[in-house]
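Summary of the model geometry
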Amino acid sequence: MTTADQTSPGLSFTPFSARTQGAPGFIQDVWDKIPLPRWLLITILVATAFLLVSCLLCIICCCCRCQQKKKRVKKETVGLGRASNSTSAHLVQPDVDDVELALEGPKSGRLQVSLEYNFRSQELRVGLKEAADLKALQAAGMADPYARIHLTSDPQKIHETKVHRQTLSPIFNESCVFQVAQAELPEAILVIQVLDFHRFSPHAPMGELRIPLGTSDLHHVLEQWYELGPPDQAKEPMGELCFSLRYVPSMGKLTVVVLEARGLKQGLSDSYVKVQLFLNRKKWKKKKTSVKRNTSNPYFNEAFTFALPFSQIQNVDLLVSVWGHSRLSRGEPLGKLLLGCRATGHQLHHWSDMLAHARRPLAQWHRLQSPEEVDKALQMKKGLRLPLPDS
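Residues numbered from 1 in each chain as written. Predicted model: local features only at pLDDT ≥ 70, side-chain atom pairs only at ≥ 80, totals over all residues. Heavy atoms only, no water.

1. Brief notes about the nonpolar core
Nonpolar side chains tend toward joint burial in soluble globular proteins. As a reminder of what qualifies: The set of buried Ala, Val, Leu, Ile, Met, Phe, Trp, Tyr and Cys residues whose side-chain atoms join them within 4.5 Å is what this entry labels a nonpolar core. Under the scheme applied here, a residue whose accessible area is under 20% of the maximum for its type counts as buried, over 50% as exposed, and between as partly exposed, the area being computed with a 1.4 Å probe on protein chains only. Every helix listed is a DSSP run of H or I at least four residues long, and every strand listed is a run of E at least two residues long, numbered separately from the N terminus. The contact rule is simple, with two residues in contact once any of their heavy atoms fall within 4.5 Å.
Of all hydrophobic cores here, the largest spans 29 residues; its most connected members are Leu 111, Val 113, Val 126, Leu 190 and Leu 213. Looking at this core, the elements with two or more residues in it are β1 (110–118), β2 (123–132), β3 (145–151), β5 (171–179), β6 (189–196) and β7 (204–212). When residues no more than four places from it in sequence are discounted, the contact partners of Leu 111 are Leu 128, Glu 130, Ala 131, Phe 172, Ile 192, Val 194, Leu 209, Gln 224, Trp 225, Tyr 226 and Leu 228.

Here it is, written out as structure tokens:
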């Protein structure tokens, strides 16, 4: 019986030698006998190829980084044995400019200022355009800067800009005019202070710019960038006062809470705060706190309520003054503050915030101003009288 006769009917038998002669046919047979779907096998092969390529790319990147690190180390490392005997001075001695910059220390920023002097009217117009590269004093990295401008020849007149929130490059675009005689220009100095505004703590100085007018060519309009110097940390002798304002329009009530003061004049035996209201530039109402003895940082926490209809809010001025007594003097004003719609600076901001947030008490620290300056402003207002009718 032959081999063909020995096989069962319906079955075909192919010798192994014949199957290996055509390799593609053999692979096709194996592929067909695998019990997985063809699309799943293709997906596995593609994923395997992707993983292999990714591993290869990672190995190449690691090798490149190692080579770069080695190159940096070689550049930074200087072998003293390879250095020649003839060395140049610039290799071991820094430039003079670098030394000067190191001695100056960190800069406080820059200010763009314009100056224009009118020789006929003897007026100096100061334009504060913008600031740049201010240094934040808090860990948050931002500040609420504003600028304070005055002349040394007339320190009582101070111009304060608006407060710009959460920025180190404020754009002011504000100008102010100072009356200064031509004979005072050689000794006058323009002082611009940049401060960080804080409602419940003293305003932190960020930098200061001093421009001597005697060395400036005021025959032409000057506009340039100036570097801010370090801030002046000197404390003002008049001190500071913290109080809150609250106005309820529906009830027509103004509440002033005198909280505390600090940095008052030394040598005082006692001090108190007086709160006055002026209606239509005339004295109207007044109240005062209790006397605090033997302290330059008195704590009051006393509230005063005034009946003030909303129809009269535009005609009211609020005068807050700190008074002190000593062994040699019976009583003297240590500093005053004028608030209201005709106020300026932070006093006007505090008053505006009170009107914008009705029924909410708003507390704020204020630097006391010179009593002569505030009295001068009040005298000017009291001097504006309507002409009497003809009899």
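The discussion continues.
2. Details of the state of the cysteines
Short version of the rule: Disulfides are defined as cysteine sulfur pairs within 2.5 Å.
Summed over the entire model, instances satisfying the criterion amount to zero disulfides. No disulfide involves Cys 55; its nearest neighbouring cysteine sulfur is the one of Cys 58, lying 6.4 Å away.

3. Topic: a nonpolar patch on the surface
Going by this rule: Nonpolar side chains (Val, Leu, Ile, Met, Phe, Trp, Tyr) within 5 Å and like charges within 9 Å form the patches, drawn only from residues with over 30% relative accessible area and no salt bridge. Using a 1.4 Å probe, accessible areas were evaluated by the Shrake-Rupley method; residue-level cover was limited to the displayed protein chains. In the sections that follow, a salt bridge refers to a side-chain nitrogen of Lys or Arg positioned within 4 Å of a carboxyl oxygen of Asp or Glu.
Side chains of Val 53, Leu 56, Leu 57 and Ile 60 sit close together on the surface and give an oily, nonpolar patch of about 370 Å² of accessible area. Residue class for Val 53 comes out partly exposed when judged on its relative accessible area of 48%.

4. Some words on the side chain of Asp 196
Stated precisely, the cut-off is as follows: His is not counted, nor are the chain ends, whereas Lys and Arg count as positive and Asp and Glu as negative.
Within the fold, Asp 196 resides in strand β6. In this structure Asp 196 is buried but unpaired, with Arg 165 as the nearest side chain of opposite charge at 7.5 Å. Look past the residues within four positions of Asp 196 in its chain and what remains in contact with it is Gln 138, Ala 143, Asp 144, Pro 145, His 203, Ala 204 and Met 206.

5. Comments concerning the sheet that holds strand β8 (residues 222–227)
The following threshold applies: Two strands qualify as a pair provided DSSP detects at least 2 bridges between them. Angles shown run from 0 to 180 degrees and are taken between the N-to-C directions of axes, each axis being a line fitted to C-alpha atoms and, for helices, limited to the stretch in contact.
Taken together, the four strands give an open sheet; going across it, the order is β5-β2-β1-β8, and neighbouring strands pair in antiparallel fashion. Either end of the sheet is taken by a strand with one partner, and the two such strands are β5 and β8. Neighbouring strand axes in the sheet, compared pairwise and without regard to direction, differ in orientation by 25° on average. When β2 meets β5, the two strands line up antiparallel, connected through seven bridges. Counted as the bridge partner of Val 126 is Cys 176 from β5.

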